[in-house]
Amino acid sequence: RASDAVETALDKKRKRAVGLVLSLSLRDLDQLENQAIRSGLSANYGALSQALVPMISGFEAVILLVFMFGYLVYLSPLAAAITAGVLTLTIIGYANHHKKMTDALRFGSQSESSFQRQTDGIVGGAKELQLSRRKREHLKEAMNDSSEGLANARKSAARFFADLIATGTSISYLLAGMVVFILPILSGDNTESLSQTVIAIIFILSPIGSIVQSMQHFSTAQYSLRAINEFESALGELSAGAARDDQ
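Not measured: the values here are computed from a predicted model.

**A few points about the overall build of the protein chain**
Part 1: When its secondary structure is counted, the protein chain shows 7 helices and 0 strands.
Part 2: Seen in sequence order, the protein chain has helices and strands lined up from the N terminus as α-α-α-α-α-α-α.
Part 3: Here the contacts in the protein chain between residues at least 6 apart in sequence split such that 84% fall between residues at least 24 apart.
Part 4: Looking at the protein chain as shown, the accessible area adds up to about 14800 Å², and 61% of this sits on carbon and sulfur atoms.

Following this line, the structure appears as structure tokens:
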């Protein structure tokens, strides 16, 4: 149901953007790059749709985590405090990586747009390129630079995602180790109560992992949605300018 609702909302936004694009004059269309139109009407929506299912799974994991944490508070307030501390570290780690991941995604998108424009130039200016060796060499050098920039941006994004996942995994093992080895020393719980607490902690590890995994999809979805809204704003400004000129 959540996926259906989001896809319906995206469909409305996409149709509205299509209507705005088709209402523009040739002069206004020239102000928009082909890659900007392509990304604004297709690519960003595709990235957002692909991130939906993992994000919904992460939301389900949050609900499960909340209820399991309440049960853990009932079993052992000390274990719940340890878990809360670990979750706080996870949130802080994500917050520190979030801006870097967003910057890497933005730079990657810009590099991809530049490379796409140059690729379109090969198709649209094939005859001119065949007649000029200098232009071919210049385009080749520019495309090599764009390709390298795109690779570096994607490497950076992958590195931040990997760091986030590795941090989440390490924190999960830290939580399990603290509960199994340190909690019995700090608390005087009996064996049965301790066993229930350990089982609850182990059960909590799975939703924590799902939440960490969904964070990277959330970053991608947030960036794609921001790009879609910026594209719509640009279309709205062009349409408003055209309306003022008509008056």
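**As for a nonpolar patch on the surface**
Part 1: A surface patch of nonpolar side chains, about 610 Å² in accessible area, is lined by L78, V180, F181, I182, I185 and L186.
Part 2: Here the element with the most residues in the nonpolar patch is helix α6 (residues 133-186); it accounts for 5 residues.
Part 3: By the element assignment, F181 lies in helix α6.

**Some thoughts on the confidence of the model for the protein chain**
Part 1: With 87% of its residues at a pLDDT of 70 or more, the protein chain has an overall mean of 76.
Part 2: The spread of mean pLDDT over the elements of the protein chain runs between helix α5 (residues 126-131), the lowest at 66, and helix α1 (residues 2-22), the highest at 82.

**Some words on the environment of R16**
Part 1: One can find R16 in helix α1.
Part 2: Accessibility expressed as a relative area gives 43% for R16, which makes it partly exposed.
Part 3: Considering only alpha carbons, one finds R16 and E232, 216 residues apart in sequence, at a separation of 8.6 Å.

**Let's talk about the nonpolar core**
Considering soluble globular proteins, one finds that nonpolar side chains tend to be buried as a cluster.
Part 1: Ranked by internal contacts, the top residues of the largest apolar core, which has 30 residues, are L72 and L175.
Part 2: Contributions of two or more residues to this core are made by α3 (34-75), α4 (77-124), α6 and α7 (191-246).
Part 3: In terms of residue count, the dominant contributor to this core is α7 (9 residues).
Part 4: Every residue in contact with L175, bar those within four places of it in the chain, is listed here: I82, T83, V86, I201, L205 and I208.
Part 5: Ranked by size, the runner-up nonpolar core spans 12 residues in total, among them A17, A51, A221 and L238.

Quick notes on the rules
- Residues numbered from 1 in each chain as written.
- Predicted model: local features only at pLDDT ≥ 70, side-chain atom pairs only at ≥ 80, totals over all residues.
- Heavy atoms only, no water.
- Helix = DSSP H or I, 4+ residues; strand = E, 2+ residues; numbered from the N terminus.
- Contact = heavy atoms within 4.5 Å.
- Areas by Shrake-Rupley, 256 points an atom, 1.4 Å probe, with all protein chains shown as cover.
- Patch = residues over 30% accessible without salt bridge, like charges linked within 9 Å, V, L, I, M, F, W, Y side chains within 5 Å.
- Salt bridge = Lys/Arg side-chain N within 4 Å of Asp/Glu carboxyl O.
- pLDDT = per-residue confidence, 0-100.
- Buried < 20%, exposed > 50% of the residue type's maximum accessible area, 1.4 Å probe, protein only.
- Core = buried A, V, L, I, M, F, W, Y, C linked by side-chain atoms within 4.5 Å.

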